[in-house]
Structures are given as C-alpha cells and as structure tokens.
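Next come the chains, spelled out residue by residue.
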Amino acid sequence: MFAEELKTIRRLGIRHVLLQLLNFASVIASGLMIWKGLGLITNSESPIVVVLSGSMEPAFYRGDLLFLTNPANVPYHTGDITVYKVPGGQIPIVHRVLETRGVVRRASSSAKKAAAKGLADEGKEGAVLRTQPEAEVEQLLLTKGDNNHIDDIDLYEGLEWLERRHVVGKVRGFLPYIGYVTIAMNDFPKLKYALLGILGLVALVQRE
Amino acid sequence: MHSIYARINNFSAFLSSCILTLLGAIALSSFLFTANPQGDLSVLSVKVYPGNSRRQPGLSQEYTFVNFNISADLTPLFHWNTKQLFLYLQAEYTDAKGVRNDVVIWDRIVRRKEEAVINVVGRNKYVFRDISHSFKNVPPANYSLQYNLMPHVGVLTYGEAGRTTEPVPFPPAQDFVSR
C-alpha cells in the first residue's frame, strides 16, 4: 500500500524527510505561538472558545466561535457575556451577567499604591466607585444563560457569587459554526486521529 | 502540477479566503450603522416586602418589586447584520458603602424587526434583592433600558435606549397583609 510512498522517500533521501519534519514542527510551533500571543494580548487564558451547549440560544448555538478579551482592572457590566470556570467545574461556561455587585475589601499596600496612581483616570472609568482610596472594591457577579429560566448559582459549585478570578473573558466577537469541527472531533475521536494522520503523511510525502 | 490534489488544494484555499474576506467585510460594514434610538422608561411603583430566601431557608430578606412602563421603537437597530437584540432593564444604585450595584430585573430577546417596537407595562422578572438583605439604607436607584446588539458575524455592541429622569427611592418595607 505504501510502497509508492516508501520509494519516494528512499529516492528523495533522509535529508528531505528531515526537512519536511522541520517544516511540520515549525507549523505546529507557529500555531502555538499565535495562540499564546493572543492570550497575552487579550489577557485571557483561552482567547477563542467554542460554544458547547445550547444554554445561550438563540444568541449562540453549539459550534459557534467566540473571541474573548479580559482587560485587567476593567469592571464587568450587566449584559456582558462572560466565559467562566469555577473551581471544580468541568468545562468553561458561556453565560450573561445578570447582577454586578461591588464589595469593599481591605486593600494590600501594593493595591493602595495602584489606587492612588489610578485616581486620576477614575473619572473616565467610573463604573466602580471608590470612595476610600485605601479600600479595594471587588466585583461579584451573578450570571444566567439566555435560554435558562433561573440564574447560575447552582452551577457555581457551592459559591454564592462569581468572582473576577473565575472569569476567563468577555465575549467581544462572534463567528458562527466554524467551531463545529472541534465538536465533531471530540464526539468522534477516530476522526481526529484520521485527520492528524492524513495531514502528517501528506506533509511528509509531498514534493515541493 | 495539474494533479487532482493540487486542484482541490487551490480551489479550497481560494474558496476559504473568499468566504473569510466576505465575512470580514460584513463584520466591518456594521460599523456604518450607528443608529441610537431612544425610548421612554418610567417606573410606576416600587414596593419592598420582607420574605424568606428560597435558597437559604431561615434567612429572611427584603425583596423589591418594580412596576415599570417601557415604550421604545428599536427598529433602526435592525440592519442586515443584526441577528438579535438582547434588551434588558437594570436598576443601578450606589449602596451605603459607596459601591456600585447593577441588577437586571427584566429582559427580552428581540429577534425580528417586526417585534422591535416595544410597549411593555410590567413587573420585574428576576428577583431584586440587596447584598445586605435589606433596602433600608439603600439610596434611590436609577433605572435604565440597555441593549446588546448581536450580529450574524462580528463584534457585539452595547447601548442605552432609555433612563429614568430622576432616581427612584426605595420605600420602607411593608408587610404582605394590608392593615
């Protein structure tokens, strides 16, 4: 079956095979670099996610691709669609913010400095009011899926509110259906291996 | 050179770049539509009642019930890249500790242009409570009608379509039984 391919490889020599392997590795490496670079820019551990459930229908369906950002120190608003992952939760969840609450926590010294420095540009941000500069305001969130009847407290694994550190990012952009490939690959693992195998083989055998 | 493999490869590459360019153009085109329709929002009555928490038995807390009237024509927001409109009414107040609280009390998904003329006289759909379990020391709240425009492809945008002109105070809690 692979006689033809093996003959090709023998004819082209080991040097060519190594070169193809190197090409293959550089493709994978650049993919990883783009992913991690995006994560750095958007400040989110996973800047692109695929919708896995129907709880946000009719806004998002299974397989839709979402682009997230998570700028530091920018408060969330009601109506924002967040992706969050609570400790103990299996998969990240995409749901809309229903309530935002400010709570006053005693700030650490570094936060105090940051607050004093940031006091000048408080005016344009303005969504979280800081009356005392030595206290830090933290945001608590409550979310709900558009297609669900009740809010998400039961999904928080015992937590009463969602905190900022649980949020992976806020949905900024939307591309329909493209992510369905990954869902198909998850549902049928053989498809994934077949696809990877074929791609690898083609990359090795292909002549430029 | 002209093998079937090369042809398929070329064709699919060309097709996918065409589709991506088209989607990009559509996404960019929605920045040209800058409609900002304004509606009327009025709060008819605000009532506070004590009650028992469903999730934490034994905890009694105060619940606020808001009757409101919304009339807004949001049809200008529907253009060729509008998939749906998520419309929500929120209460905004700064509590006694000086921190901001935003609570969504009503929402509606508008999927068609024909449904985008909103005339609602209603009461809050979601539970309205305070984190301190009481509205006793809570300053008057503003109410605003917000929307989230969700496109077929591209960037999600947000806007405000109405706001109460003056903050509405919370009345003292009353018993369910009228005397």
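About the criteria used
Residues numbered from 1 in each chain as written. Chains lettered and ligands numbered in written order. Predicted model: local features only at pLDDT ≥ 70, side-chain atom pairs only at ≥ 80, totals over all residues. Heavy atoms only, no water. Helix = DSSP H or I, 4+ residues; strand = E, 2+ residues; numbered from the N terminus. Buried < 20%, exposed > 50% of the residue type's maximum accessible area, 1.4 Å probe, protein only. Contact = heavy atoms within 4.5 Å. Buried area = accessible area lost by both parts, 1.4 Å probe. Salt bridge = Lys/Arg side-chain N within 4 Å of Asp/Glu carboxyl O. Pairing = 2+ DSSP bridges. Axes fitted to C-alpha atoms, helices over the stretch in contact; angles between N-to-C directions.

The subject of this paragraph is the environment of G88 of chain A. Residue and element names in this part refer to chain A. In this structure, G88 sits in the loop between β3 (81-84) and β4 (93-106). When its relative accessible area of 55% is taken as the criterion, G88 is described as exposed. The spatial distance from the C-alpha of G88 to the C-alpha of Y156 is 8.8 Å, given a sequence separation of 68 residues.

What follows deals with the interface of chain A and chain B. Taken residue by residue, the interface counts 41 residues in chain A and 36 residues in chain B. Together, the buried faces of chain A and chain B total about 3,100 Å²; carbon and sulfur atoms form 52% of this surface. Broken down residue by residue, the surface that chain A buries against chain B is led by P58, R101 and F174 of chain A, which jointly contribute 19%. Between the two partners, chain A and chain B, sit one salt bridge. When the shortest N-O distance is used, the salt bridge between D130 of chain B and R101 of chain A registers 3.7 Å. Where the side of chain A that touches chain B is concerned, the elements lending two or more residues are β4, β5 (135-144) and β7 (167-175) of chain A. The element contributing the most residues to the side of chain A that touches chain B is β4 of chain A, with nine residues. As paired elements, β7 of chain A and strand β7 (residues 154-155) of chain B share two bridges and run antiparallel to each other. Of the residues in β7 of chain B, the one forming a bridge with F174 of chain A is G154 of chain B.

With that settled, consider the sheet that holds strand β2 (residues 60-73) of chain B. All names here are of chain B. With antiparallel pairing, the three strands of this open sheet are ordered in space as β1-β2-β5. Looking at the sheet topology across the chains shown, the edges are occupied by β1 (40-52) and β5 (117-123). Going from strand to strand, the sheet's axes swing by 20° on average, the running direction of each strand aside. Sheet topology note: the β1/β2 ladder contains 12 bridges and is antiparallel. Across the sheet, the residue bridging to N52 is S60, located in β2.

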